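# Observations on the model geometry
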Amino acid sequence: MTDQLPTRSRIVQDALRTAGITGDIVVLPDAAATAPLAAAALGVEVGAIANSLVFWSDGEPLLVMTSGAHRVDTAALAERLGRGSIRRASAEQVREATGQAIGGVAPCGHPAPLTTVIDADLAAFEQIWAAGGTPHTVFPMTFEELVALTGGTITTVV
């Protein structure tokens, strides 16, 4: 089945298996580049979608895994993390940091590990869904698996 996935999703699937995560990447019939679209396609609450948002902070990429029900408060998050500032990364910066396009960024499968922050509110869901490397692919996991996979810092992002 993995050989039928897009190349970027195969890289993500390999990273998931290496981390011991058994959830399979699902190919959606339509692109789900936003949390509401992904939630509708999967029949889950929008809050159970783990958005992978790439920001630029203190000269490096910062991956923020946030609940699809939230908008990241970059000023508050920068203060909480003791960073100078946090701003949205450009499409080029996202591609360079992750190897993936905006709308399909997975929490893993990047050329190098990224500093990651995880929205504490994702812990409220028994199962969460994240992008699988393209806007057409997603996969399920638990909050604990997300934390272990990314080595992320759990905090409030709103």
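A brief look at the structure comes next. Everything numeric in this text was worked out from a predicted model, so none of it was measured. Once a new chain begins, its residue numbering starts again from 1 and follows that chain's sequence as written. In keeping with the predicted nature of the model, local features appear solely for residues at pLDDT of at least 70, side-chain atom pairs appear and are counted solely at 80 or more, and the whole-chain, interface and lining totals rest on all residues. Side-chain calculation: all heavy atoms of the structure are included, whereas hydrogens and water are not.

## Quick word on the overall build of the protein
Rule in force here: Put simply, DSSP H or I for four residues or longer makes a helix, DSSP E for two residues or longer makes a strand, and each gets a number counted from the N terminus. Our radius of gyration looks at C-alpha atoms and nothing else; its globule reference is 2.2 Å times the residue count to the power 0.38. Think of it in three bands: with a 1.4 Å probe and only protein chains considered, a residue is buried below 20% of the maximum accessible area for its type, exposed above 50%, and partly exposed in between. We call two residues in contact whenever any of their non-hydrogen atoms come within 4.5 Å of each other. Each accessible area is a Shrake-Rupley result for a 1.4 Å probe, and residues are judged covered by the shown protein chains and nothing else. Lys and Arg are tallied as positive, Asp and Glu as negative. Neither His nor the chain termini are counted. One atom stands in for each charge, and that atom is NZ of Lys, CZ of Arg, CG of Asp or CD of Glu.
Counting its regular elements, the protein contains 5 helices and 8 strands. Each helix (α) and strand (β) of the protein, taken in turn from the N terminus, gives the series α-β-α-β-β-α-β-α-β-β-β-α-β. For 158 residues, the compact-globule estimate of 2.2 N^0.38 gives 15 Å, and the protein sits close to it at 14 Å. Projecting the C-alpha coordinates of the protein onto the three principal axes gives extents of approximately 45 × 30 × 30 Å. Here the protein holds 158 residues, and 48% of them are scored as buried. At a minimum sequence separation of 6, the contacts of the protein that also span at least 24 residues come to 61%. Here the protein has roughly 7,500 Å² of accessible surface; of this, 52% comes from carbon and sulfur atoms. When the 9 basic and 16 acidic side-chain charges of the protein are each reduced to a single mean position, those positions are 7 Å apart.

## Some words on the pattern of salt bridges
Where charged atoms from two side chains of opposite charge come close, those side chains can pair. What counts, and what does not: The salt bridge definition used is simple: a Lys or Arg side-chain nitrogen within 4 Å of an Asp or Glu carboxyl oxygen.
The tally for this structure, following the rule as stated, stands at 2 salt bridges. In this structure, the salt-bridge partner of D24 is R17, at a minimum N-O distance of 2.4 Å. Residue R17 is classed as partly exposed on the basis of its relative accessible area, which comes to 36%. A salt bridge links R83 to E60, with the nearest nitrogen and oxygen atoms 3.0 Å apart. Of this pair, R83 sits in the loop between α3 (74-81) and β4 (87-88) while E60 sits in strand β3 (residues 60-67); the two residues are 23 residues apart in sequence, bridging distant segments of the chain.

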